[in-house]
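This is what each chain is made of:
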Amino acid sequence: QAAPRGVFAILTYRERYEQVRREKEQQQRFLRAVVEGTSDTVFVKDLAGRYLMVNPAGAGALGRPVEEVLGQDDFALLPSELARPIVGADREVATVGEPRVYEEVGPGNGATRTYLTTRAPYRDESGRIIGVIGIAHDITDRKDAEVTLRTEYAFRKAMEESVVTGLRAIDLTGRIIYVNPAFCQMVGRSASELVGARSPF
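The structure reproduced in this document is the subject of the present report. (Residues numbered from 1 in each chain as written. Predicted model: local features only at pLDDT ≥ 70, side-chain atom pairs only at ≥ 80, totals over all residues. Heavy atoms only, no water.)

As for the pattern of salt bridges
Part 1: Within the structure shown, the criterion is met by eight salt bridges.
Part 2: The salt bridge partner of Asp138 is Arg113, with a shortest N-O separation of 2.8 Å. Within this pair, whereas Asp138 is found in strand E5 (residues 129-138), its partner Arg113 is found in strand E4 (residues 111-123), the two being separated by 25 residues in sequence.
Part 3: Of the residues examined, Arg113 reaches a relative accessible area of 21% and is grouped as partly exposed.
Part 4: The partner of Asp124 in a salt bridge is Arg128, with the nearest N and O atoms 3.2 Å apart.
Part 5: Residue Asp124 is classed as partly exposed on the basis of its relative accessible area of 23%.
Part 6: One continuous salt-bridge network, built from bridges that share partners, spans Lys45, Asp74, Asp90, Glu104 and Arg119. (Salt bridge = Lys/Arg side-chain N within 4 Å of Asp/Glu carboxyl O. Helix = DSSP H or I, 4+ residues; strand = E, 2+ residues; numbered from the N terminus. Buried < 20%, exposed > 50% of the residue type's maximum accessible area, 1.4 Å probe, protein only.)

This is how it looks when you write it as structure tokens:
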């Protein structure tokens, strides 16, 4: 009677082992699909700064296949002026042992791009820090749009304040929401007095 119970226990253990193995493989497939499918750069580096893993988007930003990136550090892959702050950020995260977010400049399809990079310590099973993991999101277009908007606003404001014609803007309720200096001079009142008041004009 003891032998069959032992056999059943082994079979049950093997079934459970196979189930756990299949679940882990499925999780790894999901993770691989996400990492390889995203347009963001995903990387893992050791404490010497060598790439242990990089996804196709990250390798593409460097203008190289994944195989040529693995085992290399940023000084081997980038001009020193780009590599230096990236390596410094990696070392800071490995030293402090906490996640950090950086806005930094890096390569991207043959041009210099701006990235928002989140880094975190990469730890082994005992919790010891053995490297850095990170995700870099290209924010160049957003940054360019912000610069364009600021430039346009500054230009428009300079134009409005330099013209000799009085300018005012009124909302649908008849209240003043903007006046330029020329208008203030025309009516002999300051902008702080006029903005928010109901326009008598």
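Next comes the rest of the description.
Concerning empty space enclosed by the protein
Part 1: Per the counting criterion, the structure on display carries one cavity of 30 Å³ or more.
Part 2: If you go around the largest cavity, you meet 19 residues; those closest to its centre are Thr41, Tyr51, Ile86, Pro107 and Ala136.
Part 3: Per-element tally for the lining of the largest cavity: the top contributor is strand E3 (residues 100-108), with four residues.
Part 4: Looking at the lining of the largest cavity residue by residue, the class counts come to 11 nonpolar, four polar and four charged. (1 Å grid on protein atoms, 1.4 Å probe; cavity = no way out; pocket = protein on both sides within 12 Å on 5 of 7 lines; lining within 4 Å. Points joined across faces, edges and corners; volume = space filled by probe spheres on them. Nonpolar A, V, L, I, M, F, W, Y, C, P; charged D, E, K, R; others polar.)

With respect to the nonpolar core
Generally speaking, soluble globular proteins have nonpolar side chains that are buried together.
Part 1: By size, the foremost hydrophobic cluster in this structure holds 17 residues, and its most contacted members are Tyr51, Val54, Leu62, Val69, Leu77, Leu78 and Val132.
Part 2: Among the elements that take part in this core, helix H5 (residues 80-96) stands out by supplying six residues, more than any other.
Part 3: By size, the runner-up hydrophobic cluster in this structure holds five residues, among which are Val179, Phe183, Cys184 and Leu194. (Core = buried A, V, L, I, M, F, W, Y, C linked by side-chain atoms within 4.5 Å.)

A word on the side chain of Asn55
Part 1: Mapping Asn55 onto the fold places it in the loop between strand E2 (51-54) and helix H2 (56-61).
Part 2: A relative accessible area of 1% places Asn55 in the buried class.
Part 3: Among the polar contacts listed, one links the side chain of Asn55 to the backbone oxygen of Asp40, at a separation of 2.8 Å. (Polar contact = N/O pair within 3.5 Å; in protein donor to acceptor, adjacent residues only side chain to side chain.)

A closer look at the packing of aromatic side chains
Part 1: All told, the structure shown has one aromatic pair when counted by the stated rule.
Part 2: Between the aromatic rings of Phe43 and Tyr51, the centroid separation amounts to 6.3 Å while the plane-to-plane angle is 75 degrees, which identifies the pairing as edge-to-face.
Part 3: Given a relative accessible area of 6%, Phe43 falls into the buried group.
Part 4: Residue placement shows Lys45 over the ring face of Phe43; its charged tip is 4.8 Å from the ring centre. (Phe/Tyr/Trp six-rings, centres within 6.5 Å; stacked < 30°, edge-to-face > 60°. Lys NZ or Arg CZ within 6 Å of the ring centre and 35° of its normal.)

Some words on the layout of surface pockets
Part 1: Here the largest pocket defines a volume of roughly 170 Å³.
Part 2: Along the wall of the largest pocket there are 13 residues; nearest its centre are Leu47, Ala48, Gly49, Val87 and Arg91.
Part 3: Of all the secondary-structure elements, those providing two or more residues to the lining of the largest pocket are strand E1 (41-46), helix H4 (74-77) and H5.
Part 4: For the lining of the largest pocket, the leading source of residues is H5, giving four residues.

Comments concerning H5
Part 1: For H5, built from 17 residues, the straight-helix expectation of 24 Å at 1.5 Å per residue is met to within 8% by its first-to-last C-alpha distance of 24 Å.
Part 2: The set of residues buried in H5 consists of Leu82, Ala83, Ile86, Val87, Ala89, Asp90, Val93 and Ala94. Around the axis of H5, the buried residues are gathered within 155 degrees of arc, so they sit on the same side. Of the exposed residues in H5, the ones pointing more than 90 degrees away from its buried face are Glu81, Arg84, Arg91 and Thr95. (Expected span 1.5 Å × (residues − 1). Arc of directions from axis to C-beta.)

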